[in-house]
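# Residue-level structure breakdown
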Amino acid sequence: MSLDLKDKICIITGSASGIGKAIATRYVADGAKVVIADLDLSKAQETADALTKQGPGSAMGIKMDVTDENAVNSGVKEVVEKWGSVDVLVSNAGIQIVHPIEDFPFKDWKKLLAIHLDGGFLTSKAVIPYMKKQGSGSIIFMGSVHSKEASPLKSAYVTAKHGLLGLARVISKEGGKYGVRANVICPGFVKTPLVEKQIPEQAKDLGISEEKVVSDIMLGGTVDTEFTTVEDVAEVAYLFAAFPTNALTGQSLVVSHGWYMN
Ligand code: NAD
């Protein structure tokens, strides 16, 4: 069996930054046609242009707020009109908001759940008809160790990331006979803007130093106190995208330097 994404049409949400951008880079390096779907069109297009320059695959940028059903549907339509179908969806867009639960503003809870869960649902709903029609497709949700494990201050995030496991399992059962697969990647802490922002916030909320947040809270559960890298996560995203059969569906893989073993 060989793994190959050459000419595969891959939509990656939240891919103008961080983990999504690294996945886009990995896919383009394998010859894929990648859609950089993000909130800001000029950032998405800038990322896409840089990746096209690197080749051998290519990329296009589209503006998509994953919480907006019309924006998701019209973004997917634009991709299908230009490139014909969709082979891979990486539902990756995400944010983090941390507060003790009794101080968690309800509007922030709803915002976080909308991006992670409504986003995963709406993008899947929009691409699945094309995948079913062509008899194949791979949907990848960006979960987290927090899909399996809890941490203080992260009620909304932990709830959302656990929810994605359920969504992936249902899609894998509904999609099985059409060759439509769904899996979840569960990274540990990766140094991206999303995590850089949390370090001072958690230090303040927990009343400890920023160094302690990194060594004890973020990396205390790993086997070697090392951050997971965007490239580590991108390699797992490559495996899930390129794996050609239903042998790999409905699963979640933790990539975390040993933080949370199951
Ligand atoms: P990041 O902040 O670098 O990138 C997130 C991207 O999502 C940004 O480009 C942002 O513009 C985009 N985005 C936000 N809201 C959006 C919306 N409504 N519609 C479309 N795009 C939107 O963060 P990251 O660390 O690369 O996170 C990517 C994913 O990985 C998230 O789902 C996050 O929960 C998950 N994750 C991150 C870590 C980590 O340690 N960094 C660990 C586990 C899981």
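The structure presented is a predicted model; accordingly, all values stated were derived computationally and were not measured.

A separate point is the pattern of salt bridges. Throughout the structure, instances matching the rule amount to six salt bridges. For R26, the salt bridge is made with E235, and the minimal N-O distance between the two is 2.8 Å. Placement of the pair is R26 in helix α1 (residues 18-29) and E235 in helix α8 (residues 230-242), with a sequence separation of 209 residues. By relative accessible area, which is 40% here, E235 ends up partly exposed. The salt bridge partner of K77 is E81, with a shortest N-O separation of 3.6 Å. Here K77 pairs with E81, and both are found in helix α3 (residues 69-83), just four residues apart, close to one helical turn.

Looking now at the site of the ligand. Contacts to the ligand come from 27 residues, most closely from S17, D38, Y157, V190 and T192. D38 is positioned such that a nitrogen or oxygen atom in its side chain is 2.6 Å from an oxygen atom of the ligand. Here K161 contributes a side-chain N or O atom positioned 3.0 Å from an oxygen atom of the ligand. Across the complex, the protein chains shield 91% of the 830 Å² of accessible surface that the ligand would expose by itself. The dominant element in the shell around the ligand, judged by the number of residues it contributes, is helix α6 (residues 193-206), at three residues. Class assignment of the residues belonging to the shell around the ligand gives a composition of 14 nonpolar, ten polar and three charged.

Here we take up the pairing of strand β3 (residues 58-63). In this sheet, β3 lies alongside strand β2 (residues 33-38) in parallel orientation, the contact comprising six bridges. Looking at β3, one finds that I36 is bridged to G61. Handedness of the β-α-β unit built from β2, helix α2 (residues 41-54) and β3 comes out right-handed.

The biggest cluster of nonpolar side chains holds 44 residues, and the ones touching the most others in it are I11 and I139. Broken down by element, the residue count for this core peaks at six residues, all from helix α4 (residues 106-134). Apart from residues no more than four positions distant in its own chain, I139 is found in contact with L89, S124, V127, I128, M131, I171, V180, R181, A182 and N183. Counting residues in hydrophobic clusters, the runner-up holds 35 residues, among them I19, V28, I36 and I140.

Reading the values: rules and limits
- Residues numbered from 1 in each chain as written.
- Predicted model: local features only at pLDDT ≥ 70, side-chain atom pairs only at ≥ 80, totals over all residues.
- Heavy atoms only, no water.
- Salt bridge = Lys/Arg side-chain N within 4 Å of Asp/Glu carboxyl O.
- Helix = DSSP H or I, 4+ residues; strand = E, 2+ residues; numbered from the N terminus.
- Buried < 20%, exposed > 50% of the residue type's maximum accessible area, 1.4 Å probe, protein only.
- Near = heavy atom within 4 Å.
- Polar contact = N/O pair within 3.5 Å; in protein donor to acceptor, adjacent residues only side chain to side chain.
- Areas by Shrake-Rupley, 256 points an atom, 1.4 Å probe, with all protein chains shown as cover.
- Nonpolar A, V, L, I, M, F, W, Y, C, P; charged D, E, K, R; others polar.
- Pairing = 2+ DSSP bridges.
- Right-handed = clockwise from strand over helix to strand, strands pointing away.
- Core = buried A, V, L, I, M, F, W, Y, C linked by side-chain atoms within 4.5 Å.
- Contact = heavy atoms within 4.5 Å.

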